[in-house]
Amino acid sequence: VWPRDGAFICTALDKAGYGEVSHRFFEFCIRAQTVDGYMLHKYNPDGSVGSSWHAWFKNGEPQLPIQEDETALVLYAMHKHFEQDQDFEFLQRVYESFVRKAAEFLCAFREEATGLPLPSYDPWEEQRGIFTYTTATVIAGLHAAAHMAQMLGHHAHSERYQHVADEMKQALLFHLYDEKEGRFLKKIVRKDGQTIERDPTPDASITSIWKLGVLPVDDPRVVSTMDALDRLLTVKTTVGGWARYTNDSYHFPGSPTAEATGNPWIITTLWKAQWIIARAKTKQDLVRAKECIDWVVRSATTTGILAEQLHAYTGEPLSVAPLTWSHATFVETVLRFIEVEATLSKS
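Each chain has its residues counted from 1, running along the sequence as written. Given that this is a predicted model, residues contribute local features only at a pLDDT of at least 70 and side-chain atom pairs are listed and counted only at 80 or more, while totals for whole chains, interfaces and linings are drawn from all residues. To obtain the side-chain values, all non-hydrogen atoms of the structure were used and water was disregarded.

Draft legend 1. View of the overall build of the protein. Looking only at helices and strands, the protein features 11 helices and 12 strands. The quantity called the radius of gyration is restricted to C-alpha atoms. Its globule counterpart is 2.2 Å times the number of residues to the power 0.38. Against the 2.2 N^0.38 benchmark of 20 Å for 347 residues, the protein shows a C-alpha radius of gyration of 20 Å, consistent with a compact globule. Its C-alpha atoms give the protein principal-axis dimensions of roughly 55 × 50 × 40 Å. Three labels apply to residues, based on accessible area from a 1.4 Å probe with only protein chains included: buried if under 20% of the type maximum, exposed if over 50%, partly exposed otherwise in between. When each of the 347 residues of the protein is scored for burial, the buried share is 56%. Contacts spanning at least 24 positions in sequence make up 63% of the contacts within the protein whose residues lie at least 6 apart. Going along the chain from the N terminus, every DSSP run of H or I of four or more residues is numbered as a helix, and every run of E of two or more is numbered as a strand. Pairs of residues are marked as contacts when any of their non-hydrogen atoms sit within 4.5 Å.

Draft legend 2. Looking closely at the sheet that holds strand E8 (residues 194-199). When DSSP finds two or more bridges between a pair of strands, those strands are recorded as paired. Strand order across the open sheet formed by 4 strands is E3-E4-E7-E8, with antiparallel pairing between neighbours. Where the open sheet ends on each side, the last strands, each with one partner, are strand E3 (120-121) and E8. Where E3 lies against strand E4 (residues 128-131), 2 bridges are found, and the strand directions are antiparallel. Bridged to Ser 120 within E4 is Gly 129. Only C-alpha atoms enter the line fits that serve as axes; for helices the fit covers just the stretch in contact. Angles between N-to-C directions range over 0 to 180 degrees. Strands in contact with helix H5 (residues 132-151) are E3 and E4; relative to E4, the strand with the most contacts, it is inclined by about 60 degrees.

Draft legend 3. Local environment of the nonpolar core. With 82 residues, the main nonpolar core has Phe 98 and Leu 142 as its most contacted residues. Only buried residues count toward a nonpolar core. Its members are Ala, Val, Leu, Ile, Met, Phe, Trp, Tyr and Cys residues joined through side-chain atoms within 4.5 Å. Within the second largest apolar cluster, 11 residues are counted, among which are Ala 289, Ile 293, Phe 337 and Leu 344.

Draft legend 4. How the structure looks around the packing of aromatic side chains. In summary, the pairing rule links any two rings of Phe, Tyr or Trp, Trp by its six-membered ring, whose centres are within 6.5 Å, and it sorts them by plane angle into stacked for under 30 degrees, edge-to-face for over 60 and tilted for everything else. Counted under the stated rule, the structure contains 13 aromatic pairs. Where Phe 105 meets Phe 109, the ring centres are 5.0 Å apart and the plane angle is 20 degrees; that geometry is what we call stacked. Accessibility assignment for this pair places Phe 105 and Phe 109 in one class, buried. Between Trp 124 and Trp 271 the ring centres are 6.4 Å apart and the planes differ by 35 degrees, which places this aromatic pair in the tilted class. Here Trp 271 lies in helix H9 (residues 266-279) and Trp 124 lies in the loop between E3 and E4, a separation of 147 residues in the sequence. Look at Trp 124 and you get buried, because its relative accessible area is 6%.

This is the structure we're talking about:
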């Protein structure tokens, strides 16, 4: 059980009308949450801590072996769940047993000099640093916590979480947007109060900055970033789709090239579709999104299973199959497509 995957899956389940399944996942998170408020890398189905390659110590120094998005996104999903069913009994229970501890952790787990989150691992479980993606999820998680606190009358808590989220958003724009490149960075690394690395690698996870509502879809910084991602991550073989990031060698056949900078992933290609849907002004604008959805349908196995990624040259499913996150993102995308198409049909 990955809390991040579970959170994204629950938002899709709730949207599709299966809130009772989401409710059980949130109960699981309440049981699994650490006393300090954060979620660990992954868990076994019985709630015990799963195996992990994230170290507690590195170079002789202690570090939390976490992906901070896995705490933040559970908050985000809980709020989306409440918005869907308006169950105040549920809201009261999760606030007292999970939300407050998680939000306080997110507020505390920050670098004092910048207000950015302290280093943790990226969603791909490969690198450690301060990521645009992770920062966006923490902002969204704190916004969610603030709204839930407000609904329950905890105004001081709500103001605190909102204030920290606003500070972090300003820090994100200052430290993680590259004016010269005209797009958001993948990550920065800081040491002794200084930024010692700025990683401009185009990474599909940066889409979180508009997907989670941190910035609007028409913000010029978002548009320039997404245009760059589309240009640099599109797999130009006959298979098509979007890679995770440039020069992604994970399960790649050989070495990445300009033609195929990595294998196409289901979730990343659907993020592209969601971007097109989010900006659509006419039904014609949805055509390219429908092409992405059709691409996913063709990528499924004969039993309807969606894998994690596809072979860049043959289109064969690779790595984990089924990947529930792939299925959830497909559900989310199709529902959003239908919703926007219906709206545009009336205009």
